[in-house]
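Each chain, letter by letter, is given below.
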Amino acid sequence: MESFRFDRLTRLVSLHLSRRTLAGAVGLATLALPHRIEAKKNRKKKKKIKRNAFGCVNVGTFCKNSSQCCSGICQGKKGKKKCQAHDTGSCQPGHTQLDCGGEDVPCLTNTGLDGLCDTTTGNAAFCSVHKVGPQPPCTRDADCKIFDPRGACIRCGAIGTLCAVSD
């Protein structure tokens, strides 16, 4: 800043404020600055909903309500809710049956039937007894509820998606 501008600024301030008032204001501002910086750091970040290629939220990911989840299940405390899987049996995500381009991995359904492992559109493990088809492509487990209340929308290689049932 050029010296004549600085002088003009100090004269302008001194006409309206005493030195004590100005010194007090500068002191208070100096004390408040660290507090404001700390408050800004502590402010909670809003969690964002991360949708997958099917337009819904994967299992284990933050959700606000069940309709956002591919599985249709959003549980947990407010602000910490996550999409939950259902009817997983002993399966792990990533398994795909032989007829969908993977390998058959046996499992036991929640109702005690022998099944095979699949992976849902929400990246959850699912133990299915059989697939239902042909039908319109599904994107979420809710699309498959007409076949079975615990049905799931699974990925099936080149076919795309299919509804699978667990009993």
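Below you will find a few notes about this structure.

With respect to the sheet that holds strand 8 (residues 160-165)
Here comes step 1: Here three strands make up an open sheet; going across it, the order is 6-8-7 and the pairing antiparallel. Edge positions in the sheet fall to strand 6 (130-132) and strand 7 (152-156), since each of these pairs with one other strand and no more. Each adjacent strand pair in this sheet contributes to an overall mean axis angle of 50°, direction not counted.

Concerning the state of the cysteines
Here comes step 1: Scanning all chains against the criterion turns up eight disulfides.
Here comes step 2: In this model C91 forms its disulfide with C117; the gap between the sulfur atoms is 2.1 Å. Across the S-S bond of C91 and C117 the torsion is about -85°, and the bridge reads as left-handed. With C91 in the loop between strand 2 (82-83) and strand 3 (106-108) and C117 in strand 4 (residues 114-119), this residue pair connects regions lying 26 residues apart in the sequence.
Here comes step 3: Residue C91 is classed as buried on the basis of its relative accessible area of 6%.
Here comes step 4: Judged by its relative accessible area of 1%, C117 is buried.
Here comes step 5: Two residues, C138 and C153, share a disulfide whose sulfurs are 2.1 Å apart. Here the S-S torsion is close to 85°, and the disulfide linking C138 with C153 is therefore right-handed. One end of the pair, C138, is in the loop between strand 6 and strand 7; the other, C153, is in strand 7, with 15 residues separating them in the sequence.
Here comes step 6: Look at C153 and you get buried, because its relative accessible area is 0%.

Considerations on the nonpolar core
Here comes step 1: One finds C100, F126, A152, I154, C156, L162 and A164 forming the largest nonpolar core, which totals seven residues.
Here comes step 2: Those elements giving two or more residues to this core turn out to be strand 7 and strand 8.
Here comes step 3: Per-element accounting of this core gives the leading share, three residues, to strand 7.
Here comes step 4: Contacts of I154, omitting those with residues within four sequence positions, involve D118, T119, T120, T121, F126, K131, C138, G160, T161, L162 and A164.

Quick word on the pairing of strand 5 (residues 125-128)
Here comes step 1: Neither face of strand 5 is open: one carries A125 and C127, the other F126 and S128, and all of them are buried.
Here comes step 2: Summarising the sheet, strand 4 and strand 5 pair through four bridges and their orientation is antiparallel. If you follow D118 over to strand 5, its bridge partner there is F126.
Here comes step 3: Counted along the chain from strand 4 to the antiparallel partner strand 5, the turn is five residues long, and its residue N123 has a positive phi close to 60°.

Rules of the game
- Residues numbered from 1 in each chain as written.
- Predicted model: local features only at pLDDT ≥ 70, side-chain atom pairs only at ≥ 80, totals over all residues.
- Heavy atoms only, no water.
- Pairing = 2+ DSSP bridges.
- Helix = DSSP H or I, 4+ residues; strand = E, 2+ residues; numbered from the N terminus.
- Axes fitted to C-alpha atoms, helices over the stretch in contact; angles between N-to-C directions.
- Disulfide = S-S within 2.5 Å.
- Buried < 20%, exposed > 50% of the residue type's maximum accessible area, 1.4 Å probe, protein only.
- Core = buried A, V, L, I, M, F, W, Y, C linked by side-chain atoms within 4.5 Å.
- Contact = heavy atoms within 4.5 Å.

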